[in-house]
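# Tertiary structure, described
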Amino acid sequence: MSRNFRRASAAVLAALTAASLVACSSEQAPQSASGDGGATTDTITLGFSQVGAESGWRAANTKSIQDTLTAENGFELKFSDAQQKQENQIQAIRSYIQQQVDVIAFSPVVESGWDAVLEEAKSAGIPVILTDRAVDSEDETLYESFIGSDFVEEGHRAGEWAVEQYDGEGMKMVELQGTTGSAPAIDRKEGFASAIEGSDIEVLDSQTGNFTRTEGKQVMEGFLQKYDDIDLVFAHNDDMGLGAIEAIEAAGKVPGEDIKIITIDAVKDGMQALADGKINYIVECNPLLGPDLADVATKVVAGEDVEKRIVVEDAAFDQEGAKEALPDRQY
Ligand code: AHR
């Protein structure tokens, strides 16, 4: 079946679906390619290149995508794990172009260096959707939409809380950054720094822990050997914060008390550590992007307009908030 025919069929389906939605209002099954939650007559083939499996957040994000883009919902999902390597993502995208998928989606491991492969997708007439992380391409026609959180805002909220709680105490902090060159590492660092500017919180050091628990622990061990006066850790994700907890405990200190910890993500393990008093504050980063991706992909394939930027809403939790939220936490 040609792509033009697929797009025309998808447009007809979308129109029929809209009409049927007006006619009947009832509880809907998960979104489908036809939007009706049931069987579809045309399947959307979507090639997705995931960053890797570096964190609990990433596992939840992958699950959301795989659980939503199902055959039952009208999708054929081609999924690849880039193991945190940009060259693997570029290779996967090129393979999806060769396979002439209907739409490509990916979460770019780093911000830069995508223009050439995005041009190739555009020349092949295959639309691209960014999920979770942004690219720094100046040409915004290279992708249809970017679905994800506002990482600068996440970092800023974390910094604001630190200032509210600790300004005036002369606290010294270290930062565990995410993957070097990635949008969340760049933006969370910037957001946090802008929030603590003018306070007396002093940044002793800042290094990457690559968003993993293992590297977060290793970098924290190094910080603890180098500085004996660390009061606060800002980790760009829960996993690095959990690694830092292990390093702090091994050094004979009490996480959450001797050394305060602020993280981002709010996955179950992080929330449990927050409820247990080992983390002090977490700003959420919502990983459940599958439904928005399905919706945007369906519209794009149908030739409908979509929003260029879809910002996902995030909450934030202190220790009491974590205790309340944990029983119903999905991820
Ligand atoms: O891009 C989102 C970030 O990537 C999450 O905060 C982190 O846990 C993940 O690895």
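Residues numbered from 1 in each chain as written. Predicted model: local features only at pLDDT ≥ 70, side-chain atom pairs only at ≥ 80, totals over all residues. Heavy atoms only, no water.

### Topic: the overall build of the protein chain
- Secondary structure assignment for the protein chain yields 11 helices and 12 strands.
- By the burial criterion, 53% of the 331 residues in the protein chain qualify as buried.
- Counting contacts in the protein chain only where the partners sit at least 6 residues apart, residues at least 24 apart contribute 74% of the total.
- Split by element, the accessible area of the protein chain, about 14200 Å² in all, is 46% carbon and sulfur. (Helix = DSSP H or I, 4+ residues; strand = E, 2+ residues; numbered from the N terminus. Buried < 20%, exposed > 50% of the residue type's maximum accessible area, 1.4 Å probe, protein only. Contact = heavy atoms within 4.5 Å. Areas by Shrake-Rupley, 256 points an atom, 1.4 Å probe, with all protein chains shown as cover.)

### Details of the sheet that holds strand β5 (residues 145–148)
- Judged by pairing direction, the sheet is parallel, and its six strands sit side by side in the order β2-β1-β3-β4-β5-β11 without closing on themselves. Looking at which strands have only one partner, the edges of the open sheet turn out to be β2 (75–81) and β11 (309–311). The sheet shows a mean angle of 20 degrees between the axes of neighbouring strands, direction not considered.
- As paired elements, strand β1 (residues 44–50) and strand β3 (residues 103–106) share four bridges and run parallel to each other. The residue of β3 that forms the bridge with Ser 49 is Phe 106.
- Most of the contacts of helix α2 (residues 56–68) go to β2, to which it runs at about 155 degrees, and overall it touches β1 and β2.
- Sheet strands in contact with helix α10 (residues 290–301) are β1, β2, β3, β4 (128–131), β5 and β11, and its direction is about 130 degrees off that of β1. (Pairing = 2+ DSSP bridges. Axes fitted to C-alpha atoms, helices over the stretch in contact; angles between N-to-C directions.)

### Considerations on the sheet that holds strand β9 (residues 260–265)
- If you trace the six strands from one edge of the open sheet to the other, you get β7-β6-β8-β9-β10-β12, paired in mixed fashion. Taken across any chain shown, the strands that pair with only one partner, and hence form the sheet edges, are β7 (202–208) and β12 (316–317).
- Against the sheet, helix α7 (residues 213–226) contacts β6 (172–177), β7 and β8 (232–235), and its axis sits at roughly 155 degrees relative to β6.
- Sitting on the sheet, helix α8 (residues 238–250) touches β6, β8, β9 and β10 (281–284), and the angle it makes with β9 is about 155 degrees.

### Structural notes on the site of the ligand
- Around the ligand, the neighbouring residues are Glu 54, Ser 55, Trp 57, Arg 58, Asp 132, Arg 133, Phe 151, Pro 184, Arg 188, Phe 211, Asn 237 and Asp 265.
- The contact in question runs from an oxygen atom of the ligand to an N or O atom on the side chain of Ser 55, over 3.1 Å.
- Within the side chain of Arg 188, one N or O atom sits 2.8 Å away from an oxygen atom of the ligand.
- Within the residue set of the shell around the ligand, elements represented by two or more residues are α2 and α6 (183–196).
- The class makeup of the residues in the shell around the ligand is four nonpolar, two polar and six charged.
- Both domain 1 (43–148 + 289–311) and domain 2 (151–285) contribute no fewer than three residues apiece to the shell around the ligand. (Near = heavy atom within 4 Å. Polar contact = N/O pair within 3.5 Å; in protein donor to acceptor, adjacent residues only side chain to side chain. Nonpolar A, V, L, I, M, F, W, Y, C, P; charged D, E, K, R; others polar. Domains from an automatic or database assignment.)

### A few points about the pairing of β2
- Inspection of the sheet shows β1 paired to β2 by seven bridges, in the parallel sense. Among the inter-strand pairings, Gly 47 is bridged to a residue of β2, identified as Lys 78.
- Between the parallel pair β1 and β2, the chain is carried across by α2, and the sense of this crossover is right-handed. (Right-handed = clockwise from strand over helix to strand, strands pointing away.)

### Details of the packing of aromatic side chains
- Inspection of the entire model under this criterion finds six aromatic pairs.
- Here Phe 48 and Phe 79 contribute two aromatic rings whose centre-to-centre distance is 5.9 Å and whose plane-to-plane angle is 10 degrees, an arrangement assigned as stacked. One end of the pair, Phe 48, is in strand β1; the other, Phe 79, is in strand β2, and 31 residues separate them in sequence.
- A relative accessible area of 29% means that Phe 79 is categorised as partly exposed.
- Against the face of Tyr 143 rests Lys 308, its NZ or CZ located 4.9 Å from the ring centre. (Phe/Tyr/Trp six-rings, centres within 6.5 Å; stacked < 30°, edge-to-face > 60°. Lys NZ or Arg CZ within 6 Å of the ring centre and 35° of its normal.)

### Looking at the pairing of β1
- Most of β1 is tucked away: seven of the seven residues are buried.
- Side chains Ile 44, Leu 46, Phe 48 and Gln 50 project from β1 onto one buried face, and the interleaved Thr 45, Gly 47 and Ser 49 project onto a second face that is buried too.

### Observations concerning a negative patch on the surface
- A surface patch of negative charge is lined by Asp 115, Glu 119, Asp 136 and Glu 138.
- Looking at where Glu 119 falls in the secondary structure, it is placed in helix α4 (residues 115–123).
- Here Glu 119 falls in the partly exposed class, since its relative accessible area comes to 37%. (Patch = residues over 30% accessible without salt bridge, like charges linked within 9 Å, V, L, I, M, F, W, Y side chains within 5 Å. Salt bridge = Lys/Arg side-chain N within 4 Å of Asp/Glu carboxyl O. Lys, Arg positive; Asp, Glu negative; His and termini not counted. Charge placed at Lys NZ, Arg CZ, Asp CG, Glu CD.)

### A look at the confidence of the model for the protein chain
- Averaged over all residues, the pLDDT of the protein chain equals 90, while 88% of them reach at least 70.
- Confidence, expressed as mean pLDDT per element, reaches its minimum in the protein chain at helix α1 (residues 3–23) with 37 and its maximum at β8 with 99.
- Counting contacts from residues 1–40, a segment whose pLDDT is below 50, to residues more than four positions away or on other chains yields 54 contacts. (pLDDT = per-residue confidence, 0-100.)

### Regarding helix α3 (residues 86–98)
- Under the 1.5 Å per step criterion, the end-to-end length of α3 is 18 Å for 13 residues, consistent within 8% with the ideal 18 Å.
- Those residues of α3 that sit buried are Gln 89, Ile 90, Ala 92, Ile 93, Tyr 96 and Ile 97. End-on view of α3: buried residues confined to an arc of 160 degrees, all on one side of the axis. Exposed and facing more than 90 degrees away from the buried side of α3 are Glu 87, Gln 91 and Gln 98.
- Of the surrounding secondary structure, the elements contacted by the buried residues of α3 are β1, β2, β3 and α4.
- In the segment just after α3, Gln 100 is the residue with positive phi, at about 55 degrees. (Expected span 1.5 Å × (residues − 1). Arc of directions from axis to C-beta.)

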